[in-house]
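# A structural walkthrough
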There are 4 protein chains.
Amino acid sequence: MKQISAAILKSVIQPRPQESHKGTFGRVLVVAGSATYGGAGIMSASAALLTGAGLTTLASDPVNRTALHSQHPEIMFIDWHDDSLLRTTLVTSDVVVIGPGLGVDDFAWQLLQRVLPQLSEQQVVIIDGSALTLLAEHHEIPDTKAQMILTPHQEEWHRLSQLAIPSQSITANQQVLQKWPAKTILVLKQHRTEIYQQTDVYQNTTGVAAMATGGMGDTLTGIIAGMIAQFKKPLPATLAAVYLHSLAGQELARQQYLVLPSQLIAMLPHLMWQYQDRSN
Amino acid sequence: MKQISAAILKSVIQPRPQESHKGTFGRVLVVAGSATYGGAGIMSASAALLTGAGLTTLASDPVNRTALHSQHPEIMFIDWHDDSLLRTTLVTSDVVVIGPGLGVDDFAWQLLQRVLPQLSEQQVVIIDGSALTLLAEHHEIPDTKAQMILTPHQEEWHRLSQLAIPSQSITANQQVLQKWPAKTILVLKQHRTEIYQQTDVYQNTTGVAAMATGGMGDTLTGIIAGMIAQFKKPLPATLAAVYLHSLAGQELARQQYLVLPSQLIAMLPHLMWQYQDRSN
Amino acid sequence: MKQISAAILKSVIQPRPQESHKGTFGRVLVVAGSATYGGAGIMSASAALLTGAGLTTLASDPVNRTALHSQHPEIMFIDWHDDSLLRTTLVTSDVVVIGPGLGVDDFAWQLLQRVLPQLSEQQVVIIDGSALTLLAEHHEIPDTKAQMILTPHQEEWHRLSQLAIPSQSITANQQVLQKWPAKTILVLKQHRTEIYQQTDVYQNTTGVAAMATGGMGDTLTGIIAGMIAQFKKPLPATLAAVYLHSLAGQELARQQYLVLPSQLIAMLPHLMWQYQDRSN
Amino acid sequence: MKQISAAILKSVIQPRPQESHKGTFGRVLVVAGSATYGGAGIMSASAALLTGAGLTTLASDPVNRTALHSQHPEIMFIDWHDDSLLRTTLVTSDVVVIGPGLGVDDFAWQLLQRVLPQLSEQQVVIIDGSALTLLAEHHEIPDTKAQMILTPHQEEWHRLSQLAIPSQSITANQQVLQKWPAKTILVLKQHRTEIYQQTDVYQNTTGVAAMATGGMGDTLTGIIAGMIAQFKKPLPATLAAVYLHSLAGQELARQQYLVLPSQLIAMLPHLMWQYQDRSN
């Protein structure tokens, strides 16, 4: 098991090419946020935006449009009942997040089944929260060509892997992951988050208890999406995202008893500037 | 009568355990905010969030959803007409706030009657504002198994206790409180707020007139809820909440003629960090 | 003509009494903001809140509720079509603002006719913007017992007084004002705003062109309301409000080419602290 | 080809005349923002406001009203389906922006056809985004008397000019522009944005890749509008707007890996103060 350190940020966060435009930095689509859990979608999409994705879109229940635009007019909004618009946006996205605050009702399940099969091999999909619960309930490995990144916390992984929390050893987790397509990445969230891909296992070394509040997981999905949208290679980008997320929380916790996702998200542009590769 | 001092913060606000997750820090449900007084619910839930509750939900009139999520996407939102969702959330909450901006119409009374009997002995319920007025009107001590915390200002206590303000002596207040279940805590809000439980009486020693503005009481309910959600023991947690609330106002009043609840709420994470137990 | 100076702030802004509560600092009701000009109501009510009114309510078109609460949950909201709730709130208000962004359609005129006659001698009403235009169109001096404060800019005063701008001399303005009830205050907004009451005339000495932007007048109405709610005496409170408004703009303009009402409003609590009476 | 430098700011941004009012600084109407791309309209109108336009109005899909007013109550809002109100506002505007996030459906095309012919020779219209795509689709040079400013990025200019990106040489661009009315200004957005009018060509010298994110173009339209509203002469005002936009981004990028339009907009009042003409 390898430890992730600040070196991953320097290796992943490259200076932006001068000759570039918003398309250069990728398109992220976040499918998330029911009427009750609308904030989850907002936090995930906001995190993708503030990590530097070129274009970010939130597909969500229409009750969430105004709260999104009140905070970030930069993010586009799709009513997730609009099949045709959703399909068009899916096809042109580089990275798709599905799951935060999705809920587990019939509509959510249908949406998941509609989104995943439409994705291509060139795309990456981050599956989180309710979407993982739905997959566990239906005992399904999703039918998708996109590279999958799973981001369960330990209880969600329990449901998906059938491994009770005490049984979630590295070996056991690796065995379960073998049933999934080869490139699938597992981000197993916990005090020291572990990241798995095939035989590789990484462990995060940052993170503080001040971050233990609702919405932190949703935020992480957006940071992963934003990182991959810009820097492409999914494994290092995911490792960098996990590290950056915890680092931001840790910085804030130096003077706060608790840390909110919104505060952490606001820190990202400065933190990425601070930790980027400066060798050139 | 004991004076509350900054020592209560140090004694209550313990360093967070490293091995923890959002569930460790408790679940708060705020049932508050009609169409007219929607801000009351938002301020109460925001205060619980910024005090560090692990998961915070606001059950309110649906017109209040977007304003909540525009400020704090971290807070979940329930339409309070949705009986089934409200019931599920009630059952899994550690602390329930009911009353801020609830209004005193028939619906409010029915909601109060629906919520209180569903609570168990393991739960704490903070009853505030309109909910106290409703109880006074119906001459009822609520039918609930949860430990109650009442947070009237002097006029609301007049209605509830039948004690006119000049008659609200410590002894008289204690006598009225004896009719309530033994563990009930009374937070009697005034220039120097008094806190009662059985034979114990405490008096706050902080607070400034700059804080005398609408919404300060709603904010206090959320801080109490957030404190109990994390630190469990209701009496010390309530004392700490009352002190922290006034301390935050006092800090802001060092350079402001008046202090807004929203400003006070924003200060909480830093102030808790500053006043936490540092002995370990 | 007397010049207003910073001395007016020191004389009006007294330290808050320790034994006080939100009621001590007065109730303001702002009736303002159609669907198109909703921001005007929000800015007026926000200014009253940040000036320190104990309780502030906005009665407006319901489309404006969420934008208000997204910024200031401290302010209560009434749908201005709700006659009964509006009436109850009117009766208990110390100061009423009517006019900012009201529009000039039939509904606006009816609302104005409904509000003004309901007010009592103990109340103050600030009549602004569209409300002044409506009065001019109907050639009416309002039927109200409340003390009136009129806040026209020069073109609105033209419509109301029939005095073309070049004819708006001190003497001519005083003559027109004599037709109004004796205690009526005229705040004639211009580069150096003039304030009239009976034979008294005051001129503001602060203010900068950086403040010439939509919403500044709406903001002034809220500051006047907040000042009177707290400090009662309408004439000195109005003078202090006019001075404070310009002073805040001037402070911001030291480092900004232009100044927004929202920025000015945010400065008020600190500025009032700085300029309050410190003699005790 | 002339290089634009900071000198353009000093030459355009003149100290505001003391004897002035909001009308002095011009009226901007932004027609922009469908239900999906509502943020584009908000960013464009916000930029006009923060650049110092005296009065700014957004005509947009009604779903965007609340998000606008949650951020900037200073901006007026028109439902763009309200023909009569739109017409009245068009006539009294000094500068009109049309296009950001307009979409390309039938309604958008009809709106464009309704707006452009109503404008007079005294007005300036900035045509951006979807509006340019619609004109390209319909192979039309718009029927309008207003001075036009076109703000395509290179792909939009490809559609409009039939010049593929590698063929967009200065000479080729000038030739295409000759088919447009003589005073038309072309702002061709790219790494080093070029500005054309008749035989004049200017090139921007600032701008950083940190600005390559959705909404930056919408923001530029608002800055151009705000500049022309205040300083009138369209060509220098446009040059100053392009320079100011990039300068703001560059300043932020000194400590941020990426820059959001909202952050850039917030900097404008201070930056304009810093770079204004101080010779008097």
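Per chain, the residues get numbers from 1 upward, laid out in the order the sequence is written. Written order decides the labels, with chains lettered from A and ligands numbered from 1. It should be noted that, the model being predicted, local features are given only for residues of pLDDT at least 70 and side-chain atom pairs only at 80 or more, the latter also being counted only at that level, while totals for whole chains, interfaces and linings use all residues. Computation of side-chain values: all heavy atoms of the structure, hydrogens and water removed.

As annotated in an unreviewed UniProt entry, chain A is ADP-dependent (S)-NAD(P)H-hydrate dehydratase from Lapidilactobacillus gannanensis. Chain A has a UniProt comment under Sequence similarities (unreviewed entry) that states "Belongs to the NnrD/CARKD family." UniProt positions are given in the numbering used here, feature names are shortened, and annotations may be inferred rather than shown by experiment.

Residues and elements named next belong to chain C. The phi dihedral of His139 is positive, around 45°, even though this residue is not glycine. You can see His139 is positioned in the loop between helix H6 (129-137) and strand E7 (147-150). Residue exposure (1.4 Å probe, protein chains only): buried if accessible area is under 20% of the type maximum, exposed if over 50%, otherwise partly exposed. Overall, the relative accessible area of 64% leaves His139 in the exposed class. A positive phi is found at Lys232, a non-glycine position, where the angle reads about 65°. Segments assigned H or I by DSSP are reported as helices when at least four residues long, segments assigned E as strands when at least two residues long, and all are numbered from the N terminus. Within the secondary structure layout, Lys232 lies in the loop between helix H9 (216-231) and helix H10 (234-253). The partly exposed category is assigned to Lys232, whose relative accessible area is 44%.

Contacts are assigned to residue pairs that have any heavy atoms within 4.5 Å of one another. At the interface, 31 residues of chain D touch 35 residues of chain A. Throughout, the accessible surface (probe 1.4 Å) given up by two parts as they are put together, summed over both, is called the buried area. Overall, the association of chain D and chain A removes approximately 2600 Å² of surface from exposure, summing both partners, and the carbon and sulfur fraction of that is 58%. Taken as a group, His191, Tyr257 and Leu258 of chain D account for 28% of the area that chain D buries against chain A, more than any other trio of residues on that side. The rule for a salt bridge is simple: a side-chain nitrogen of Lys or Arg has to be within 4 Å of a carboxyl oxygen of Asp or Glu. Across the contact surface, chain D and chain A share zero salt bridges. Polar contact is defined as a pair of N or O atoms within 3.5 Å, subject to the rule that within protein one atom must be able to donate a hydrogen and the other to accept it, and that residues adjacent in sequence are counted only when both atoms are side-chain atoms. Inspection of the region where chain D meets chain A yields 13 residue pairs in polar contact (both at pLDDT 80 or more). Elements with a minimum of two residues in the side of chain D that touches chain A: helix H2 (38-51), helix H3 (65-71) and helix H11 (261-275) of chain D. Take the side of chain D that touches chain A: its biggest share by element is five residues, from H2 of chain D. Residues are grouped as follows: Ala, Val, Leu, Ile, Met, Phe, Trp, Tyr, Cys and Pro are nonpolar; Asp, Glu, Lys and Arg are charged; all remaining types, including Gly, are polar. By residue class, the composition of the side of chain D that touches chain A is 15 nonpolar, 14 polar and two charged.

Let us now look at the packing of aromatic side chains. The description of an aromatic ring pair rests on the distance of the ring centres and on the angle between the ring planes. Any pair of Phe, Tyr and Trp rings, taking the six-membered ring for Trp, is counted once the centres come within 6.5 Å. Such a pair is stacked with planes under 30 degrees apart, edge-to-face with planes over 60 apart, and tilted for the rest. The full count for this structure, using the stated rule, is eight aromatic pairs over all chains. Ring centres of Tyr257 of chain B and Phe231 of chain C lie 6.2 Å apart, and the angle between their planes is 50°; on these two criteria the pair is classed as tilted. Highlighted residues: Tyr257 of chain B in the loop between helix H10 (234-252) and helix H11 (261-275) and Phe231 of chain C in helix H9, drawn from two different chains. Here the two residues Tyr257 of chain B and Phe231 of chain C agree in accessibility, since each one is buried. Both a distance and an angle decide whether a charge sits over a ring: NZ of Lys or CZ of Arg must be within 6 Å of the ring centre and within 35 degrees of the ring normal. Against the face of Phe25 of chain C rests Arg16 of chain C, its NZ or CZ located 3.7 Å from the ring centre.

Next up on the list: the interface of chain D and chain C. Accessible area lost during the coming together of the parts is what is often quoted as the interface size. Contact residues are listed per partner, giving 35 residues for chain D and 31 residues for chain C. It is Arg16, Pro73 and Glu74 of chain D that lose the most area in chain D upon contact with chain C, and together they represent 23% of the buried surface on that side. The interface formed by chain D and chain C includes zero salt bridges. Taken together, the links from chain D to chain C amount to twelve residue pairs in polar contact (both at pLDDT 80 or more). Mapped by element, the contributors of at least two residues to the side of chain D that touches chain C are H2, H3, strand E4 (76-79), helix H9 (216-231) and H11 of chain D. Here the side of chain D that touches chain C is composed, by residue class, of 16 nonpolar, 14 polar and five charged.

Mapping chain D onto chain C leaves a residual RMSD of 0.0 Å; the transformation is a rotation of 90° accompanied by 0.0 Å of translation along its axis. Expressed as a symmetry operation, the mapping of one chain copy onto the other fits a four-fold axis. The C-alpha atom lying nearest the rotation axis in chain D is that of Ser70 of chain D; the distance is 4.2 Å. All copies are superposed by least squares; the fitting set is the C-alpha atoms of residues with a pLDDT of at least 70 in both.

Take the environment of Leu268 of chain C next. Residues and elements named next belong to chain C. For Leu268, the position within the fold is in helix H11 (residues 261-275). Sequence spacing of Leu268 and Leu235 is 33 residues, and the spatial spacing of their C-alpha atoms is 20 Å. Apart from residues no more than four positions distant in its own chain, Leu268 is found in contact with Ala47, Leu50, Thr51, Ile223 and Leu244.

A separate point is the sheet that holds strand E3 (residues 55-60) of chain C. All names here are of chain C. Pairing within the open sheet is mixed, and its ten strands lie in the order E1-E10-E9-E8-E7-E6-E5-E2-E3-E4. The open sheet terminates on both sides in strands that have one partner only, identified here as strand E1 (2-3) and strand E4 (76-79). When DSSP locates at least two bridges between a pair of strands, those strands are taken to pair. Two elements, strand E2 (residues 27-31) and E3, share five bridges in a ladder whose sense is parallel. Counterpart to Leu29 in the pairing with E3 is Thr57. In this analysis an axis means a line fitted to C-alpha atoms, helices contributing only their contacting stretch, and an angle means the value between N-to-C directions, from 0 to 180 degrees. The sheet contacts of H10 involve strand E6 (124-127), E7, strand E8 (185-188), strand E9 (194-197) and strand E10 (200-203), and relative to E8 the element is tilted by about 10°.

Chain A makes no contact with chain C; the smallest distance between any of their C-alpha atoms is 8 Å. Separated in space, chain B and chain D share no contact, their closest pair of C-alpha atoms being 8 Å apart.

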